[in-house]
Amino acid sequence: MVDIERRLPDYYKDGKISIPENIKQRLENMQYRILGNHSAIEICHWTKKALLDEGACYKQRFYGVDAHMCAQIGPTAMWCSNNCIYCWRPMEFMKAIKIKEGQVDDPGIIINEAVEQRRLLLIGFKGNEKVCMEKMNQVLNEFPNHWAISLSGEPMLYPKLPGLVKQLKSNKDVRSIFIVTNGQEIEMLDKLVKQDALPTQLYVSISASNKEEYKKIHRPVHKDYWERINHTLSLLENIGTRTVIRLTVIKGLNDKNEHIKEFAQLFKSSRPDFIEVKAYMYLGYSMNRLKYNNMPTHEEIKMYARKLLEHLEDYHLEDEQPESRIVLLKRNDSNVHNIITFHDNLPPVEINENTSINTIRSKYRRTIPLLRSMGINTEKNTCRSLKQIALELGLDVGRIIEKINSFIEENYGKNRGA
Ligand code: SF4
């Protein structure tokens with residue numbers, strides 16, 4: 001078991017758990033911003049790339065979220081019940097786990113400070129000549145429409161998580177909330193279900209295929225760690241929201257054939273909508289624990305996914321993003337759409353030759369597969385107008401507009417106010 005004593009002692013300020021000043025300083029040097037006493041936000045690399053129209057994260061590609069409108073937060077940024085060896089976060093700063101309701105900030109404080117700090121961290125992009133002004137204006141004037149509760153620490157340790165999710169869900173501008181959990185905090189998961197506070201998409205991260213391996217790779221704090229993760233996995237199929245298992249492949253550690261068979265067994269009984277097979281990335285603090293050679297290539301990830309599918313008849317390869325070294329598997333009978341279309345078409349917009357791909361794909365997300373089928377990139381150069389894109393692709397802009405408009409009419413109804 002992880003020697004808890006080695007961890008930093010708990011730190012309280014005015015009865016609240018709090019990140020100590022010296023750690024705050026180090027986190028701010030890493031471009032984190034501390035929200036209240038114990039939460040943090042950081043601008044994701046992909047949010048910056050999306051603002052410069054140079055591409056977007058695989059979650060935009062796979063699920064349609066707007067990477068430039070993403071707020072990546074951690075409500076218990078320095079608290080986690082695992083110590084995964086592949087984690088790029090400063091695990092060694094992290095603390096023990098028992099946190100009481102009265103010891104934490106209210107969700108409103110975290111959300112308001114997150115919105116403010118995010119604006120301050122991004123406003124500087126306004127001066128960058130490469131920035132897409134259409135997206136920049138959205139960032140500065142609109143509420144973040146995607147919340148990635150996955151920055152650092154285990155979010156399920158935040159006792160007021162149901163309130164945080166519900167507050168975000170009640171905001172009409174919020175289109176998606178993702179929570180990434182290590183699956184150890186089963187009591188909180190139970191609360192989220194009971195209080196109807198599940199996120200749009202629930203991620204369970206597991207990168208060990210059996211009890212012994214889990215101890216080695218995830219270095220859990222809970223003694224009944226294997227029972228806890230299996231309990232969480234057993235809930236996924238019928239939990240009542242979109243579910244994803246994220247498997248981080250570490251070359252030389254969890255990529256042997258026997259591991260693949262064991263993972264397939266775990267996933268077969270858990271039956272999430274999606275399985276993300278992702279390469280370990282030699283980044284951040286993980287470089288103190290692993291080697292460069294532990295990082296698989298994208299081709300190796302594809303091979304791994306294909307081997308996994310040999311034992312997973314109910315799944316198929318749905319998509320991939322080479323630059324993120326990730327492959328997406330989807331359950332054959334899953335009835336969820338890949339693209340999250342919550343709050344689509346609000347407010348409706350007119351499509352003409354000056355309309356950008358960014359506007360079309362983020363307002364009418366159901367058009368994303370259609371745009372891709374016409375050879376239009378929906379992650380990069382999306383601030384270009386239909387006219388510019390048609391010119392580049394040698395297509396007839398009138399024909400493209402016609403196709404998009406009839407698709408919108410068919411899928412969103414005549415008055416577009418559907
Ligand atoms: S969804 Fe995740 S990867 Fe994409 S921009 Fe947000 S934090 Fe980054």
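Look above for the structure.
Rules used throughout
- Residues numbered from 1 in each chain as written.
- Predicted model: local features only at pLDDT ≥ 70, side-chain atom pairs only at ≥ 80, totals over all residues.
- Heavy atoms only, no water.
- Helix = DSSP H or I, 4+ residues; strand = E, 2+ residues; numbered from the N terminus.
- Rg over C-alpha atoms; globule rule 2.2 N^0.38 Å.
- Buried < 20%, exposed > 50% of the residue type's maximum accessible area, 1.4 Å probe, protein only.
- Contact = heavy atoms within 4.5 Å.
- Areas by Shrake-Rupley, 256 points an atom, 1.4 Å probe, with all protein chains shown as cover.
- Core = buried A, V, L, I, M, F, W, Y, C linked by side-chain atoms within 4.5 Å.
- Pairing = 2+ DSSP bridges.
- Axes fitted to C-alpha atoms, helices over the stretch in contact; angles between N-to-C directions.
- Disulfide = S-S within 2.5 Å.
- Expected span 1.5 Å × (residues − 1).
- Arc of directions from axis to C-beta.
- Polar contact = N/O pair within 3.5 Å; in protein donor to acceptor, adjacent residues only side chain to side chain.
- Near = heavy atom within 4 Å.
- 1 Å grid on protein atoms, 1.4 Å probe; cavity = no way out; pocket = protein on both sides within 12 Å on 5 of 7 lines; lining within 4 Å.
- Sits in = over half its atoms within 2 Å of the grid points.
- Nonpolar A, V, L, I, M, F, W, Y, C, P; charged D, E, K, R; others polar.
- Phe/Tyr/Trp six-rings, centres within 6.5 Å; stacked < 30°, edge-to-face > 60°.

A. Broad picture of the overall build of the protein chain. Across its full length, the protein chain holds 15 helices and 12 strands. On C-alpha atoms alone, the protein chain measures out to a radius of gyration of 22 Å, which is about the 22 Å that the 2.2 N^0.38 rule sets for 418 residues. Principal-axis analysis of the C-alpha atoms places the extent of the protein chain at approximately 65 × 50 × 40 Å. With 418 residues in all, the protein chain has 59% of them scored as buried. Within the protein chain, contacts between residues at least 6 apart in sequence are counted, and of these 74% link residues at least 24 apart. Of the roughly 17500 Å² that the protein chain leaves accessible, carbon and sulfur atoms contribute 50%.

B. Seen up close, the nonpolar core. With 88 residues, the main nonpolar core has I73, L161, F267, V277 and L308 as its most contacted residues. Among the nonpolar cores identified, the runner-up in size contains 18 residues, and L370, M374, V397 and I404 belong to it.

C. Inspection of the sheet that holds strand β5 (residues 70–74) at higher detail. Pairing within the open sheet is mixed, and its 10 strands lie in the order β3-β4-β5-β6-β7-β8-β9-β10-β12-β11. Looking at strand neighbours, the two that pair on one side only are β3 (32–35) and β11 (315–321), the edges of this open sheet. Averaged over all pairs of adjacent strands, the angle between their axes in this sheet comes to 25°, without regard to strand direction. Sheet analysis places strand β10 (residues 274–279) next to strand β12 (residues 326–331), joined by 5 bridges and oriented antiparallel. Bridged to E276 within β12 is L328. On the sheet, helix α4 (residues 107–122) packs against β3, β4 (39–42), β5 and β6 (146–149) and is oriented at approximately 155° with respect to β3.

D. Examining the state of the cysteines more closely. Counting across every chain of the model gives 1 disulfide. The side chain of C132 participates in a disulfide bridge whose partner is C383; the two sulfur atoms lie 2.0 Å from each other. Between C132 and C383, the S-S dihedral sits near -90°, and the bridge is therefore left-handed. Of this pair, C132 sits in the loop between α4 and α5 (133–141) while C383 sits in the loop between α13 (368–373) and α14 (386–393), and the two are 251 residues apart along the sequence. Assessed through its relative accessible area of 22%, C383 is described here as partly exposed. C80 takes part in no disulfide bond, and the closest cysteine sulfur, belonging to C84, lies 6.2 Å away. Given the relative accessible area of 11%, C80 is considered buried. For C84, a relative accessible area of 12% corresponds to the buried category.

E. Highlighting helix α15 (residues 397–412). Compared with an ideal rise of 1.5 Å per residue, which puts 16 residues at 22 Å, α15 spans 22 Å between its outermost C-alpha atoms and is within 8% of the ideal. Listed in full, the buried residues belonging to α15 are V397, I400, I401, I404, N405, F407, I408 and Y412. Viewed end-on, α15 has its buried residues packed into an arc of 160°, placing them on one side of the element. For α15, the side-chain oxygen to backbone nitrogen distance between the N-cap and G398 is 2.8 Å, and the N-cap itself is D396. Within two residues after α15, G413 carries a phi angle of roughly 90°, on the positive side.

F. Spatial organisation of the site of the ligand. Around the ligand, the surrounding shell consists of C44, T47, C57, K59, A67, C70, Q72 and H146. The pocket occupied by the ligand, as judged from atoms lying within 2 Å of grid points, is the largest pocket. Across the shell around the ligand, the residue classes break down as 4 nonpolar, 3 polar and 1 charged.

G. Here's a closer look at the environment of P296. Note that P296 resides in the loop between β10 and α11 (298–310). Assessed through its relative accessible area of 2%, P296 is described here as buried. Measuring from C-alpha to C-alpha, the distance between P296 and F62 comes to 21 Å, with 234 residues separating the pair along the chain. Ignoring sequence-local partners within four residues, the contact set of P296 consists of V249, K251, A279, Y280, I301 and R325.

H. Just the packing of aromatic side chains, in detail. Inspection of the entire model under this criterion finds 11 aromatic pairs. Look at Y58 and F62: their rings are 5.3 Å apart centre to centre, the planes differ by 50°, and that puts the pair in the tilted class. Here F62 and Y58 lie together in helix α3 (residues 58–63), a separation of 4 residues that amounts to about one turn. Side by side, Y58 and F62 carry an identical accessibility label, which is buried. Considering the side-chain rings of Y63 and F274, the 5.3 Å spacing of their centres and the 65° angle between planes classify their relative orientation as edge-to-face. Here Y63 is found in helix α3, whereas its partner F274 is found in strand β10, with 211 residues between them in sequence. Per residue, the accessibility class of Y63 equals that of F274, and both read buried. Ring-pair connections join several aromatic residues into one group, and the members of that group are Y58, F62, Y63, F178, Y203 and F274.

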